[in-house]
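Close look at the chain arrangement
Residues per chain are reported as follows:
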Amino acid sequence: MGSPPPHVLHGALSVPSLALDPHLFGLQAVKKGDTIFIGQYLFTGSETTSVWLEVSEVKGEDVVCMIKNTATLTGSLFTLHVSQIHIDLPTLTEKDKEVISTWGVRNHIDFLSLSYTRHAEDVRHARELLSKSGDLHQTQIFAKIENVEGLTHFDEILQEADGIILSRGNLGIDLPPEKVFLFQKAAVYKCNMAGKPAVVTRVVDSMTDNLRPTRAEATDVANAVLDGSDGILLGAETLRGLYPVETISTVGKICAEAEKVYNQDLYFKKTVKYVGEPMTHLESIASSAVRAAIKVKASVIICFTSSGRAARLIAKYRPTMPVISVVIPRLKTNQLKWSFTGAFEVLHFSASFLVAHNI
């Protein structure tokens, strides 16, 4: 069976003519003036397979729209986004839960990217599911912020999640273009101060079809690093792009160059000021370890930890040298009989040790 003929759009359109379920996609809540994006891929402005619609009239379940751009709808319908409309659907579907409890458990997943996180309750529900799914109780949850509703509840989501993914593709649809950078900078700053990873998406879209990024995209990657982002998440560039390996290499080189000029001293002072006084015992040890390591030009910071919390807290202050964690397991039984011989007992210190260049 051949592929269906493409729909070339330029003019007006009745959305139900595309055989969409208005209740599933939240179309029953739209009103005149709202924006709808439909296409095979996420609308970026350069996509020729995505159409930008503006609602001109709503007649019952018919949503009549004015087409704002010329586009050709081909293949399967992958994306439908209704800008700034609340869709009353669960963050985790029954299919999601099934995949996590089967494939996820079997593959011992370390991270869960929770798409369209809108409330802290979404993260709590996901964590409850993980706690009941085999050995996934330690799996970290990265909340993916993709719409205005998630931004509105960002602070409470950040408190519950282990990290944040800023999905700039969807945010760029929900927000005016001139507002995206403001929310990005504010969100990254809050993640930095909380000591939780911030990941940015949609950085080199043009490399989906081209071997080199634009100058603006290269600058965008560097600025994301200088703003404090902990990771760059590629999407279309590696999913369906023509140059996935070259894309990873290029973005990696830009990040490495940006890190060379990152102002660690300013960041350290800003973080210490934000934490304030009195510091907690662990926070004081972590910040002091980083300060001392920088002063003596240490090669690494070695941290003894049983839960990883101390190592993560040290990393929060972004030392210029690697942090090596020596994991001390916690015994879950009292049936082991320990005996000490010799003049001195072994002492266990929960602290950080500095290894200088000359050691």
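A brief structural summary. (Residues numbered from 1 in each chain as written. Predicted model: local features only at pLDDT ≥ 70, side-chain atom pairs only at ≥ 80, totals over all residues. Heavy atoms only, no water.)

Overview of the side chain of Thr208
Looking at where Thr208 falls in the secondary structure, it is placed in the loop between strand 11 (198-201) and helix 7 (215-227). Take Thr208: its relative accessible area is 5%, and that puts it in the buried class. A polar atom in the side chain of Thr208 sits 2.8 Å from the backbone oxygen of Asp205. Not counting chain neighbours up to four residues away, the residues in contact with Thr208 comprise Ala236, Glu237, Arg240, Gly241 and Leu242. (Helix = DSSP H or I, 4+ residues; strand = E, 2+ residues; numbered from the N terminus. Buried < 20%, exposed > 50% of the residue type's maximum accessible area, 1.4 Å probe, protein only. Polar contact = N/O pair within 3.5 Å; in protein donor to acceptor, adjacent residues only side chain to side chain. Contact = heavy atoms within 4.5 Å.)

Side note on the environment of Arg124
Residue position: Arg124 is located in helix 2 (residues 120-131). Judged by relative accessible area, which is 36%, Arg124 ranks as partly exposed. Each C-alpha atom, one on Arg124 and one on Ala161, is 8.5 Å from the other, the two residues being 37 residues apart in sequence. A polar contact is formed between the side chain of Arg124 and the side chain of Glu160, at a distance of 3.0 Å.

Re the sheet that holds strand 9 (residues 140-145)
If you walk across this open sheet you meet the 5 strands as 8-9-10-11-12, and the pairing is parallel. The open sheet has two edge strands, strand 8 (111-114) and strand 12 (231-233), and neither has a second partner. With strand direction ignored, the average angle separating the axes of adjacent strands in the sheet is 25°. As defined by bridge partners, strand 8 adjoins strand 9 across 4 bridges and the pair is classed as parallel. Bridge pairing in strand 9 links Phe111 to Gln140. (Pairing = 2+ DSSP bridges. Axes fitted to C-alpha atoms, helices over the stretch in contact; angles between N-to-C directions.)

What to know about the packing of helix 7 against helix 9 (residues 244-260)
Between helix 7 and helix 9, whose axes approach to 9 Å, the crossing angle comes to 45°. As judged from the angle between their axes, helix 7 and helix 9 are oblique. Regarding helix 7 and helix 9, the two cross each other, and that crossing is right-handed. Of helix 9, the residues touching helix 7 (which contributes Ala218, Val221, Ala222, Val225 and Leu226) are Val251, Ile254, Cys255, Ala258 and Glu259. Class assignment for the residues of the contact of helix 7 with helix 9 results in 9 nonpolar, no polar and 1 charged. (Parallel < 35°, antiparallel > 145°, perpendicular 65-115°, else oblique. Left-handed = near helix turned anticlockwise from the far one by under 90°. Nonpolar A, V, L, I, M, F, W, Y, C, P; charged D, E, K, R; others polar.)

As for the packing of helix 6 (residues 177-194) against helix 10 (residues 264-275)
The interhelical angle for the contact between helix 6 and helix 10, taken along N-to-C directions, is 75°, at an axis separation of 10 Å. Relative to helix 10, helix 6 is oriented roughly perpendicular. Every residue of helix 10 that contacts helix 6 at Tyr189, Asn192 and Met193 is listed here: Tyr267, Lys270, Thr271 and Tyr274.

Thoughts on the packing of aromatic side chains
One pass over the full model with this rule turns up 5 aromatic pairs. When the centroid spacing of 6.2 Å and the interplanar angle of 85° are considered together, the rings of Tyr189 and Tyr274 count as edge-to-face. One end of the pair, Tyr189, is in helix 6; the other, Tyr274, is in helix 10, with 85 residues separating them in the sequence. We classify Tyr189 as partly exposed; its relative accessible area is 34%. Ring plane angle 50° and centroid distance 6.2 Å describe the contact between Tyr262 and Tyr267, whose orientation is recorded as tilted. Stacked on the ring of Tyr267, the Lys or Arg Arg318 has its end atom at 5.1 Å from the ring centre. (Phe/Tyr/Trp six-rings, centres within 6.5 Å; stacked < 30°, edge-to-face > 60°. Lys NZ or Arg CZ within 6 Å of the ring centre and 35° of its normal.)

Points about the side chain of Lys144
Here Lys144 is to be found in strand 9. We note that Lys144 is buried and unpaired, the nearest opposite charge coming from Glu146 at a distance of 4.5 Å. With residues up to four places along the chain from it excluded, the contact list for Lys144 reads Ser113, Leu114, Ser115, Tyr116, Thr117, Ile165 and Ser167. (Lys, Arg positive; Asp, Glu negative; His and termini not counted. Salt bridge = Lys/Arg side-chain N within 4 Å of Asp/Glu carboxyl O.)

Overview of unusual backbone geometry
Residue Glu277 is joined to Pro278 through a cis peptide bond whose omega torsion reads 0°. Considering the arrangement of structural elements, one finds Pro278 in the loop between helix 10 and helix 11 (281-295). The backbone phi angle of Tyr116 is positive, close to 50°, even though this residue is not glycine. With respect to the element layout, Tyr116 can be found in the loop between strand 8 and helix 2. The backbone of Lys297 sits at a positive phi, close to 55°, despite the residue not being glycine. On the secondary structure map, Lys297 appears in the loop between helix 11 and strand 13 (298-305). Residue Lys297 is classed as exposed on the basis of its relative accessible area of 59%.

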